[in-house]
Amino acid sequence: MNFKCATRLVPVVIILGTMMFSSCGNRGGGLPQNNQFPVATAATANAEMNNAYPAVIKGRQDVEIRPKVSGFITRLCVEEGSSVRAGQVLVTIDNVQYKAALNQAEAALASAKSALATAELTYKNKQELHSQNIIGDYDLQTAENNLSTAKAALSQAQALVTSARDNLSYCNVTSPSNGVIGTIPYRVGSLVSSSIATPLTTVSNIEQMYVYFSMTEKQLLEMTREKGKDVAAAFPAVQLQLADGSMYEHPGKVQVVSGVIDQATGSVSVRADFSNPDHLLKSGGTGSVIIPSKAENVIVIPQSATMEVQNKVFVYTVGKDNKVKHTEIKVNPRNDGTTYVVTEGLAVGDRFVTTGLTKLSDGMEITPVTEAEYKKNIEEAQKLGSIQGDYKKMKEAFSKK
């Protein structure tokens, strides 16, 4: 071993050894071991809480498109997912037989008109002969009945023409409203009819979206108790959290609250309306409706200062003698995900431990410190642990020399 190298290392080893010896009581992996725990005092504050409700998104108008006549599809005029306007042709059905039916009906109408003209002429002639007592009442009545029959036949022929013309027009299946085309399960050549189980497609009007969610009876009562009969007006503006976790930029408004409670689930159906100018929302999508609520002058504590055991929430309160007590508290089920609003079990001025709850036990005496002091002690302990690690490495290197 090089004597000069050893001479340099001796002072360092002595210094680190002294530090190591002075900190021999700290064997907690760089954490303070003097029972110091951060303690906070319960005080009142204003809190904003959000409740999230699973929701289903639907278009303002989702219309199933079905043909009114039977036939083979000859043309698909739109693509899935495309935007359409009211009256636009979506699907064309073979119209040959319907054109023939219209021609036949028009021919029958022309024949009925001729028959009516003949019946009118005959009736006038019979009237003239009857006035001259050339024919009797029977002949005149027969001519009048034939005229009535000819008029009825004309009306029937006109109705058949109207029906045949409508059937021909139905061969062009059009959109009843503006919207977006859904899936199209049929292709050119498919035989369709008005009785098909699966519609030709669906047109969804998504300029405005209806978002449906459910609330329990208790939640609805809490929300609306002070608002009287206008239940929907009790709701503030709501937000929509999309399936990817992002928040939809346009706020919504609750417009409809069902007046009937579902006895099977004990819930009430609620509908919130959201504008959809960019067509980001799609009919059939899912998300969560976020309803904000504000509470004034309430006790708010961080959720990290609590423990949950069998659906009960506990904190460690600190007495005057600095001994901790495992205390059950009641909290508002509505929360923002990071804090709780305490309703029972904790009063203004009570002290409670905020960190390190797993190291505590009921009746244990602690040294209360502030959050800042606790963090500072941890940082110093971690630095000391790092120095100890460096000493260990240097000691190993020195022994190898």
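The paragraphs below set out a description of the structure included in this document.

## Thoughts on the overall build of the protein chain
Looking only at helices and strands, the protein chain features 5 helices and 19 strands. Counting the 401 residues in the protein chain, one finds 34% classified as buried. Counted over contacts in the protein chain with a minimum sequence separation of 6, partners at least 24 positions apart contribute 75%. On the protein chain, roughly 24,100 Å² of surface is accessible, and the fraction owed to carbon and sulfur atoms is 52%.

## Description of helix α4 (residues 217-224)
Among all positions in α4, only Leu220, Met223 and Thr224 are buried. The arc that holds every buried residue of α4, seen down its axis, measures 80°, which confines them to one face. Those residues of α4 that are buried are in contact with β9 (201-216), β11 (253-257), β12 (267-275) and β13 (286-302).

## Quick look at the nonpolar core
Formed by 35 residues in total, the largest nonpolar core has its most connected members in Ile65, Leu90, Ile181, Val192 and Leu200. For this core, the secondary structure elements donating two or more residues are β2 (44-65), β5 (89-93), α2 (96-131) and α3 (137-169). Among residues more than four places away in sequence, those in contact with Ile65 are Leu90, Val173, Pro176, Pro199, Leu200, Thr201 and Val203. Grouped together as the second largest cluster of nonpolar side chains are 26 residues, Met215, Leu220, Met223 and Val254 included.

## Side note on the side chain of Ser193
Tracing the backbone shows Ser193 in the loop between β8 (191-192) and β9. Judged by its relative accessible area of 16%, Ser193 falls in the buried class. Those residues within four positions of Ser193 in sequence are excluded, and the remaining contacts are Pro67, Val69 and Ser70.

## Quick look at the packing of aromatic side chains
Inspection of every chain in the model, using the stated rule, returns 3 aromatic pairs. Here Tyr210 and Tyr212 contribute two aromatic rings whose centre-to-centre distance is 6.5 Å and whose plane-to-plane angle is 90°, an arrangement assigned as edge-to-face. Ring centres of Tyr248 and Phe274 lie 6.3 Å apart, and the angle between their planes is 65°; on these two criteria the pair is classed as edge-to-face. Taken together, the positions of Tyr248 in the loop between β10 (239-242) and β11 and Phe274 in strand β12 put the pair 26 residues apart, joining distant regions of the chain. Given a relative accessible area of 0%, Phe274 falls into the buried group. The side chain of Lys58 reaches across the aromatic face of Tyr212, ending 5.7 Å from its centre. Above the face of the Tyr210 ring, Arg271 is positioned so that its terminal group lies 3.9 Å from the ring centre.

Thresholds, definitions, all that
- Residues numbered from 1 in each chain as written.
- Predicted model: local features only at pLDDT ≥ 70, side-chain atom pairs only at ≥ 80, totals over all residues.
- Heavy atoms only, no water.
- Helix = DSSP H or I, 4+ residues; strand = E, 2+ residues; numbered from the N terminus.
- Buried < 20%, exposed > 50% of the residue type's maximum accessible area, 1.4 Å probe, protein only.
- Contact = heavy atoms within 4.5 Å.
- Areas by Shrake-Rupley, 256 points an atom, 1.4 Å probe, with all protein chains shown as cover.
- Arc of directions from axis to C-beta.
- Core = buried A, V, L, I, M, F, W, Y, C linked by side-chain atoms within 4.5 Å.
- Phe/Tyr/Trp six-rings, centres within 6.5 Å; stacked < 30°, edge-to-face > 60°.
- Lys NZ or Arg CZ within 6 Å of the ring centre and 35° of its normal.

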